[in-house]
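Fold and geometry: a report
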Amino acid sequence: MLDVGCGPAMLLERLPAGVEYTGFDVNPACIEAARDRYGDRGRFFCARVGEETGAIGEGEYDFVLASGVLHHLSDADASHLLGAARRYLKPGGAFVSIDLVWCERQPWLSRVLTSLDRGGHVRTEEGYRRLAESHFSEMETWTVSDHLRLPYRHFIIRAIGTPRAPGAS
Ligand SMILES: C[S@@+](CC[C@H](N)C(=O)[O-])C[C@H]1O[C@@H](n2cnc3c(N)ncnc32)[C@H](O)[C@@H]1O
């Protein structure tokens, strides 16, 4: 799997030992912490979305995750992430993202907590959907209220990598 914006790769705590894990993040301290803690359990790269290392490898992943990342990215960078995720996937592989969302009938505490988040690009459900639809034709989305104990609302995208036409970007 590829974990985009992996932070210190804490996800490895919850993955079975056999999972082949690659993670990258723009924050060098996160990548250093991941390497110190998890060593050869994965490959860890310091890279910014849009400036990824060629070592990540296109068409190689069954699963690409972007957990808590899209809402930190401008539309241009988020669109790059989604397009790159599709290219990184094997045909039939799955992309999943999860992010804070603005939605209708959102409780006031949820709105306050979301407005305090450091990610400067929290979107509406439609905003996330529109970005993803330009890269993936097959996808499902959900808004959930139980991802964390605090009453945030999170938007989940699950999209399937499809074979690309020859010459397509
Ligand atoms: C909320 S944290 C999520 C970390 C991890 N995915 C998780 O779920 O625990 C967002 C992460 O995205 C990374 N990030 C933000 N902008 C990025 C960019 N342009 N390129 C790569 N990583 C980025 C941050 O450094 C941070 O580690």
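Residues numbered from 1 in each chain as written. Predicted model: local features only at pLDDT ≥ 70, side-chain atom pairs only at ≥ 80, totals over all residues. Heavy atoms only, no water.

**Let's talk about the packing of aromatic side chains**
Two aromatic rings, taken as a pair, are described by how far apart their centres are and by the angle between their planes. Considering all chains together, one arrives at 4 aromatic pairs under this definition. The interplanar angle of 85 degrees and the centroid separation of 6.4 Å between the aromatic rings of tyrosine 61 and tyrosine 88 together place this pair among those described as edge-to-face. Of this pair, tyrosine 61 sits in strand E4 (residues 61-67) while tyrosine 88 sits in helix H2 (residues 75-88), and the two are 27 residues apart along the sequence. Across the pair, exposure class does not vary: tyrosine 61 and tyrosine 88 are buried alike. (Phe/Tyr/Trp six-rings, centres within 6.5 Å; stacked < 30°, edge-to-face > 60°. Helix = DSSP H or I, 4+ residues; strand = E, 2+ residues; numbered from the N terminus. Buried < 20%, exposed > 50% of the residue type's maximum accessible area, 1.4 Å probe, protein only.)

**What to know about helix H4 (residues 125-133)**
Those residues of H4 lying buried are Gly127, Tyr128, Leu131 and Ala132. For H4, the angular spread of the buried residues around the axis is 125 degrees, confining them to a single face. Of the surrounding secondary structure, the elements contacted by the buried residues of H4 are H2, strand E5 (89-102), strand E6 (123-124), strand E7 (139-144) and strand E8 (154-160). (Arc of directions from axis to C-beta. Contact = heavy atoms within 4.5 Å.)

**Comments concerning the site of the ligand**
In the vicinity of the ligand, 13 residues are found, and the nearest of them are Gly5, Asp25, Val26, Val49 and Ser67. Relative to its unbound accessible surface of 590 Å², the ligand loses 72% to contact with the protein. Classifying every residue of the shell around the ligand gives 5 nonpolar, 6 polar and 2 charged. Split by domain, the shell around the ligand shows at least three residues from each of two domains, domain 1 (1-57) and domain 2 (59-169). (Near = heavy atom within 4 Å. Areas by Shrake-Rupley, 256 points an atom, 1.4 Å probe, with all protein chains shown as cover. Nonpolar A, V, L, I, M, F, W, Y, C, P; charged D, E, K, R; others polar. Domains from an automatic or database assignment.)

**Comments concerning the state of the cysteines**
Across all of its chains, the model carries 0 disulfides by this definition. Not engaged in a disulfide, the cysteine cysteine 30 finds its nearest cysteine sulfur in cysteine 6; these two sulfurs lie 7.2 Å apart. (Disulfide = S-S within 2.5 Å.)

**Notes on the domain arrangement of the chain**
Splitting the chain by domain gives domain 1 (1-57) and domain 2 (59-169). Between domain 1 and domain 2, the C-alpha centre-to-centre distance is 19 Å. Each partner contributes residues to the interface: domain 1 has 13 residues there, and domain 2 has 15 residues. With both chains or domains summed, domain 1 and domain 2 bury close to 1200 Å², and 62% of this area falls on carbon and sulfur atoms. The interface formed by domain 1 and domain 2 includes 0 salt bridges. For the side of domain 1 that touches domain 2, the class distribution of residues is 6 nonpolar, 4 polar and 3 charged. (Buried area = accessible area lost by both parts, 1.4 Å probe. Salt bridge = Lys/Arg side-chain N within 4 Å of Asp/Glu carboxyl O.)

**Quick word on the environment of alanine 17**
Among the structural elements, alanine 17 can be located in the loop between strand E1 (2-4) and strand E2 (21-25). The sequence separation of alanine 17 and phenylalanine 63 amounts to 46 residues, and the corresponding C-alpha distance is 16 Å.

**Overview of the pairing of E2**
Of all 5 residues making up E2, 5 are buried, and the element is well covered by its neighbours. Side chains Tyr21, Gly23 and Asp25 of E2 all project onto a buried face; the interleaved residues Thr22 and Phe24 project onto the opposite face, where all are buried too. Sheet topology places E2 next to strand E3 (residues 42-46); 5 bridges connect them, and they run parallel. Looking across to E3, one finds that tyrosine 21 is bridged to glycine 42. (Pairing = 2+ DSSP bridges.)

**Brief notes about a nonpolar patch on the surface**
Among the surface-exposed residues, Trp108, Leu109, Val112 and Leu116 lie close enough to one another that they form a single nonpolar patch of about 450 Å² accessible area. Tracing the sequence through the fold places leucine 116 in helix H3 (residues 108-116). (Patch = residues over 30% accessible without salt bridge, like charges linked within 9 Å, V, L, I, M, F, W, Y side chains within 5 Å.)

**What about the environment of tyrosine 152?**
Following the sequence through the fold, tyrosine 152 ends up in the loop between E7 and E8. Residue tyrosine 152 is classed as buried on the basis of its relative accessible area of 14%. In the structure, tyrosine 152 is positioned 55 residues away from serine 97 in sequence and 16 Å away in space, judged by C-alpha atoms. Leaving out residues up to four positions away in the same chain, tyrosine 152 has contacts with Leu100, Ser110, Leu113, Thr114, Val144 and Ser145.

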